[in-house]
Amino acid sequence: MKMLLLAKSGHSGGPLGIADVFAALYMGGVMRHQADNPHWEGRDRFVLSAGHMCPVQYAAMANAGFFPKSELATLRKYNTRLQGHPGRDMGLPGIETSSGSLGQGISIAVGMAMSDKLLDKSDRRVFTLTGDGELQEGSVWEAAMSVSHFGLDNYCWIIDNNDCQIDGRIKEVMDVYPIVDKCVAFGFETIVIDGHNFDEIMAAFDKFIANSTNGTGKPTAIIAKTYMGRGVSFMEDNYKWHGNPPNAEQAEQALGELVL
Ligand SMILES: Cc1ncc(C[n+]2csc(CCOP(=O)(O)OP(=O)(O)O)c2C)c(N)n1
């Protein structure tokens with residue numbers, strides 16, 4: 001909320017809704033990384049296919065020690081490393097690829113998982129987050145088909161199922177349901193969780209890690225049921241907060257309501 005207030009633009013709803021999952025990834029020990037050695041060869045990779053949700057990734061990364069928390073105040077400022085959508089060329093440690101054009105990050109991530117497993121024979125894992133509106137992009141399903149075809153059990157696809165997108169409810173804009181059946185049909189071990197329940201989040205990631213460690217050949221899809229704008233009464237489950245920052249008054253109320 002503080003970053004978005006300073007930037008005077010950006011996405012509030014999605015990032016708030018997926019914050020618990022990011023806490024698990026970066027601070028809950030799910031991803032193997034070395035914040036002071038971001039190019040460490042043994043690291044797991046994270047690709048934010050839903051690039052617009054980057055404020056929460058930046059916040060999680062700063063908390064995990066990738067860069068000073070003071071830099072969070074530069075979100076969306078001219079020439080900042082914290083672009084409004086992740087830009088790899090800006091040099092922010094831990095950003096593996098540029099993203100924001102929906103449907104492309106997942107394809108890049110699948111390429112990473114292929115080279116890790118099939119070429120390098122490494123035990124690195126790749127995590128991707130897509131939105132549910134993003135599932136309307138055809139390239140998402142081409143990526144999903146490849147993951148399964150190549151048996152990429154080192155690949156974890158997280159879908160933020162908040163049922164909201166920029167212009168309305170998912171079903172009203174373009175129905176992508178049933179998401180579970182689709183993931184199963186595409187060959188994923190498919191796990192549905194309450195994306196705000198830390199035990200469920202951790203159990204799902206544990207299952208993925210076990211699948212990849214045991215070489216099951218089956219990729220994992222975690223469908224996280226979340227609420228856009230989670231924790232802020234006037235934003236919660238309201239798609240109109242997809243792409244707006246709070247003003248000063250709203251930010252003050254939000255910070256008062258959030259459990260920090
Ligand atoms: C290829 C492409 N088309 C359109 C957009 C514009 N856009 C950005 S976010 C968004 C809605 C995405 O919905 P969802 O994935 O559910 O994210 P959420 O609203 O939950 O943050 C759209 C259409 C884009 N970034 N890329």
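As a starting point, this report considers the structure included with it. Being a predicted model, the structure only gives us computed values, none of them experimental.

Turning next to the site of the ligand. Around the ligand lies a shell of 16 residues, among which His52, Gly100, Asp132, Asn162 and His242 are the nearest. Taking Leu102, its main chain carries an N or O atom lying 3.1 Å from a nitrogen atom of the ligand. In the complex, the protein chains occlude 76% of the 590 Å² of accessible area that the ligand would expose alone. Its residues assigned to classes, the shell around the ligand shows five nonpolar, eight polar and three charged.

What follows is about unusual backbone geometry. Here Tyr177 and Pro178 are connected by a cis peptide whose omega angle stands at 0°. In this structure, Lys8 takes a positive phi of about 65° despite not being glycine. Within the secondary structure layout, Lys8 lies in the loop between helix H1 (2-7) and helix H2 (13-17). With a relative accessible area of 69%, Lys8 lands in the exposed category.

On to the packing of helix H3 (residues 19-27) against helix H4 (residues 54-63). Packing of H3 against H4 leaves a shortest axis separation of 9 Å and a crossing angle of 35°. As H3 packs across H4, the resulting crossing turns out to be right-handed. Facing Ala19, Phe22, Tyr26 and Met27 of H3, the residues of H4 in contact are Val56, Gln57, Ala60, Met61 and Asn63. Each residue belonging to the contact of H3 with H4 can be placed in one class, and the counts come to seven nonpolar, two polar and no charged.

Reading the values: the criteria
Residues numbered from 1 in each chain as written. Predicted model: local features only at pLDDT ≥ 70, side-chain atom pairs only at ≥ 80, totals over all residues. Heavy atoms only, no water. Near = heavy atom within 4 Å. Polar contact = N/O pair within 3.5 Å; in protein donor to acceptor, adjacent residues only side chain to side chain. Areas by Shrake-Rupley, 256 points an atom, 1.4 Å probe, with all protein chains shown as cover. Nonpolar A, V, L, I, M, F, W, Y, C, P; charged D, E, K, R; others polar. Helix = DSSP H or I, 4+ residues; strand = E, 2+ residues; numbered from the N terminus. Buried < 20%, exposed > 50% of the residue type's maximum accessible area, 1.4 Å probe, protein only. Axes fitted to C-alpha atoms, helices over the stretch in contact; angles between N-to-C directions. Left-handed = near helix turned anticlockwise from the far one by under 90°. Contact = heavy atoms within 4.5 Å.

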